[in-house]
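# An overview of the molecular structure
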Amino acid sequence: MNYALVTGGSRGIGRAVCVKLSKMGYPILINFSSNSTAADETRSMIEEAGGKAELLPFDVASRESVDAAISKWREGHPEDHISVLVNNAGIRRDTLLAFMSDEDWHTVLNTHLNGFFNMAKSVVKDMISQRNGRIVNIASLSGISGQKGQVNYSAAKAGLIGATKALAQELASRKITVNAVAPGFVATDMTKDLDEATLKKMIPVGRFAQPEEIAAVVGFLASDDASYITGEVISVNGGLYM
Ligand code: NAP
């Protein structure tokens, strides 16, 4: 069977992506960091709709944890493959660079960029041997335009976009596509501390996105209909270009 692995699938955009890919027929591997209650809720949502899901907790920033979890999963699933990888796990540690600690810088880079590297390394060889795969990276408007107070996050997301374009070229001939989705503001736990009433005045569509609106594009990129799209960054930002 071909599985879809979604990092940060317990909450927010990742949860919506899990539900979307499940509706498309994929059994889902729900990765998360620590919130097992939220991950259980995502699994229940999938199972109640008739889908199949397994929890796979690990820290995407840790190569050892990633390798241990994926190896163990493969031992239990010798006939199965991970054919869709959605690199979605993420955090913010916003502050002006002048006040940014080394930890704020490294934690954000490690989660988004090393996380991508660790995950891609763990699945790509099998995708190559299967001549089949979809990798979708959740970037951000901040990685395209840069955002003050987010030098770490903007650098990580811009790096992710560069990695998307490079890896797409490496894997295209093996029928594996690599794309990014760049959301603007999305209503999730990550943005709940922001002043939505003020910020939405800047957004041409006039509101934050719902996670399902990001998941719809991820689903399309994971589908057969998107087999000729690779190395692309699709913005889903309500017309906001800061
Ligand atoms: P969220 O609601 O805060 O959820 C974050 C998810 O990432 C959770 O499932 C969390 O797991 C997981 N996670 C965090 N660090 C992890 C780690 N080291 N290893 C494994 N899992 C980890 O965030 P969101 O808003 O849905 O954001 C999802 C992605 O979209 C992120 O990459 C974010 O940068 C990007 N994005 C978000 C927005 C937005 O406006 N919300 C805009 C642009 C881009 P636990 O539940 O265990 O903590």
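A brief structural summary. Just so it is clear, the model here is predicted, and its values are computed rather than measured.

To continue, consider the environment of F99. With respect to the element layout, F99 can be found in the loop between β4 (81-87) and α4 (102-130). Taking relative accessible area as the criterion, F99 reaches 64% and is therefore assigned exposed. Sequence-wise, F99 and L29 are 70 residues apart; in three dimensions their C-alpha atoms are separated by 38 Å.

On to the side chain of N152, then. Along the chain, N152 turns up in helix α6 (residues 151-171). Accessibility expressed as a relative area gives 0% for N152, which makes it buried. From its side chain, N152 meets the backbone oxygen of R93 in a polar contact 3.1 Å long. Beyond its immediate sequence surroundings of up to four residues, N152 is in contact with R93, M100, D104, W105, V108 and L109.

Before going further, it helps to examine the nonpolar core. By size, the foremost hydrophobic cluster in this structure holds 30 residues, and its most contacted members are V17, L21, I28, V86 and V181. V86 has contacts with L5, V6, T7, V17, L21, V136, I138 and V218, leaving out every residue within four places of it along the chain. In this structure, Y3, I70, L85 and A120 belong to the second largest nonpolar core, which totals 27 residues.

Here α6 spans 30 Å end to end across 21 residues, near enough to the 30 Å set by a 1.5 Å rise per residue. All buried positions along α6 are accounted for by N152, Y153, S154, A156, K157, L160, I161, A163, T164, L167, A168 and L171. Those residues of α6 that are buried are in contact with α4, β5 (133-138), α5 (141-145), β6 (176-183) and β7 (233-236).

Here is what the cut-offs are and how they apply
- Residues numbered from 1 in each chain as written.
- Predicted model: local features only at pLDDT ≥ 70, side-chain atom pairs only at ≥ 80, totals over all residues.
- Heavy atoms only, no water.
- Helix = DSSP H or I, 4+ residues; strand = E, 2+ residues; numbered from the N terminus.
- Buried < 20%, exposed > 50% of the residue type's maximum accessible area, 1.4 Å probe, protein only.
- Polar contact = N/O pair within 3.5 Å; in protein donor to acceptor, adjacent residues only side chain to side chain.
- Contact = heavy atoms within 4.5 Å.
- Core = buried A, V, L, I, M, F, W, Y, C linked by side-chain atoms within 4.5 Å.
- Expected span 1.5 Å × (residues − 1).

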